Amino acid sequence: MPTTPTTPTGLESTPRPSSLIHTVYGEFVRRLGGWISIADLIALMAELDVDAPAVRSAISRLKKAGTLLQERRDGTGYRLSPAMDPVFEEGDRRIFHSLEPAALADGWVVAVFSVPESERAQRHTLRSRLSWLGFGNAAPGVWLAPARLLPDARRLLTRLGLDAYVHLFLSAEYAGFTELRGAVAAWWDFPAIEAQYAAFTDAWRPAAAALRQRDADPDPAEAFRAYVPMLTQWRRLPYLDPGLPEPLLPADWNAVAARAVFTELHGRLAGPSLGHVEKVTGLPAAAHHQEP
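The structure displayed is predicted, hence computed values, not measured ones. (Residues numbered from 1 in each chain as written. Predicted model: local features only at pLDDT ≥ 70, side-chain atom pairs only at ≥ 80, totals over all residues. Heavy atoms only, no water.)

Caption draft 1: Spatial organisation of empty space enclosed by the protein. Taken as a whole and judged by the stated rule, the model has two cavities of 30 Å³ or more. When its volume is computed, the second largest cavity comes out at roughly 30 Å³. What lines the second largest cavity is simply I21, H22, Y25, L62, T67, L68, L80 and F88. Per-element accounting of the lining of the second largest cavity gives the leading share, three residues, to helix α1 (residues 17-27). (1 Å grid on protein atoms, 1.4 Å probe; cavity = no way out; pocket = protein on both sides within 12 Å on 5 of 7 lines; lining within 4 Å. Points joined across faces, edges and corners; volume = space filled by probe spheres on them. Helix = DSSP H or I, 4+ residues; strand = E, 2+ residues; numbered from the N terminus.)

As structure tokens, this is what we get:
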């Protein structure tokens, strides 16, 4: 039996190098000042079975997208663009702090939009971004989500320059005419969401069980090799699932088991993983941001 957790096999898809780099920056580099040398990043990514050419290619795409900025210190490296600060802060809230279902009494945020045919690209962007936030599509141009997503929706739509097309409303309750639980099941794709949760749980439950059998903390390097792909797979899920109120969910909603696995692994692996990144990079611990 291995003494430390390892990345499970049999995942439906291997995370792309750019997704793994996004996780490394968001979870570690951001807490160590926001900059890392390309040499150290290549060394860390090698531990995740990503070779140097793939890292450089992914960095080039992230630089072109405005996510990273090249900056020379003791050597060539990349830091996060200031424009990414609100993106990662929003991610912290969704990934680490929105694990429990919303309360039905909290109500809903409703987004209504109308986009001229001449700007159909904006219409597509609106639909995709609202869906990415976790909104369900109730009717053409009408989307809704639990009310607690209103701040995230306002920030995202404003940041993307889409706020001129959208009206946002807060509604306390559903007043008819269809039974709400059935309507919600049509507005969100529950089977697709549950399939993602099931894949996560099946992939990572063995690692959680193995850790539970040991008293000692995991080896930092092994923790890093497990934690980064685990977090990369998990961080999509809080956006697919907006945290709908429990009375509206299927009776066997499998998000509960997936959240428990994530919470356990995050609690055991995040600290040692950060320590490993500190050791590899030599970046000072005093530069940490507050832990999410």
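Caption draft 2: Molecular detail of the sheet that holds strand β4 (residues 108-113). Taking strand neighbours across the sheet as the criterion, the four strands line up as β5-β6-β4-β7 in an open arrangement whose pairing is antiparallel. Sheet topology places β5 (136-139) and β7 (166-171) at the edges, where each strand pairs with a single neighbour. If you compare each strand with its neighbour and ignore which way they point, the axes differ by 30 degrees on average. With six bridges joining them, β4 and β7 adopt antiparallel strand pairing. (Pairing = 2+ DSSP bridges. Axes fitted to C-alpha atoms, helices over the stretch in contact; angles between N-to-C directions.)

Caption draft 3: Region of interest: the packing of aromatic side chains. Tallying each qualifying case throughout the model produces 11 aromatic pairs. Where Y197 meets W234, the ring centres are 6.2 Å apart and the plane angle is 50 degrees; that geometry is what we call tilted. Remark: W234 occurs in helix α9 (residues 220-234) and Y197 occurs in helix α8 (residues 190-212); sequence separation between them is 37 residues. Neither residue differs from the other here; Y197 and W234 are each classed as buried. Over the face of the ring belonging to W132 we find R129, whose NZ or CZ atom lies 4.5 Å from the ring centre. (Phe/Tyr/Trp six-rings, centres within 6.5 Å; stacked < 30°, edge-to-face > 60°. Buried < 20%, exposed > 50% of the residue type's maximum accessible area, 1.4 Å probe, protein only. Lys NZ or Arg CZ within 6 Å of the ring centre and 35° of its normal.)

Caption draft 4: Structural detail: the pairing of strand β3 (residues 76-80). Bridge count between strand β1 (residues 35-37) and β3: three bridges; the pairing is antiparallel. Looking at β3, one finds that W35 is bridged to R79. Both strand β2 (residues 68-72) and β3 contribute to a ladder of five bridges, which runs antiparallel. Among the inter-strand pairings, L69 is bridged to a residue of β3, identified as R79. Turn length for the β2-β3 hairpin, with the two strands adjacent in sequence and antiparallel, is three residues.

Caption draft 5: Just the pairing of β4, in detail. Burial within β4 is extensive, with five of its six residues counted as buried. Relative to strand β6 (residues 142-146), β4 is paired through five bridges, and the arrangement is antiparallel. Along β6, the bridge assignment pairs W108 with P146.

Caption draft 6: Representation of helix α5 (residues 120-133). Compared with the 20 Å implied by 1.5 Å per residue over 14 residues, the 20 Å span of α5 between its first and last C-alpha is a close match. Burial in α5 covers these residues: R123, L126, L130 and L133. Angular distribution of buried residues about the axis of α5 spans 100 degrees; they occupy a single face of the element. The exposed set on the far side of α5, more than 90 degrees from its buried face, consists of R120, A121 and H124. (Expected span 1.5 Å × (residues − 1). Arc of directions from axis to C-beta.)

Caption draft 7: Fine view of the pattern of salt bridges. A complete count under the given rule lists 12 salt bridges for this structure. For R31, the salt bridge goes to E27, with nearest N and O atoms at 3.3 Å. Residue R31 shares its accessibility class with E27, and that shared class is buried. R30 is paired through a salt bridge with D92; the nearest N and O atoms lie 2.9 Å apart. Of the two residues, R30 is situated in the loop between α1 and β1 and D92 in helix α4 (residues 85-97); the sequence distance between them amounts to 62 residues. D92 carries the same exposure label as R30, and that label is buried. (Salt bridge = Lys/Arg side-chain N within 4 Å of Asp/Glu carboxyl O.)

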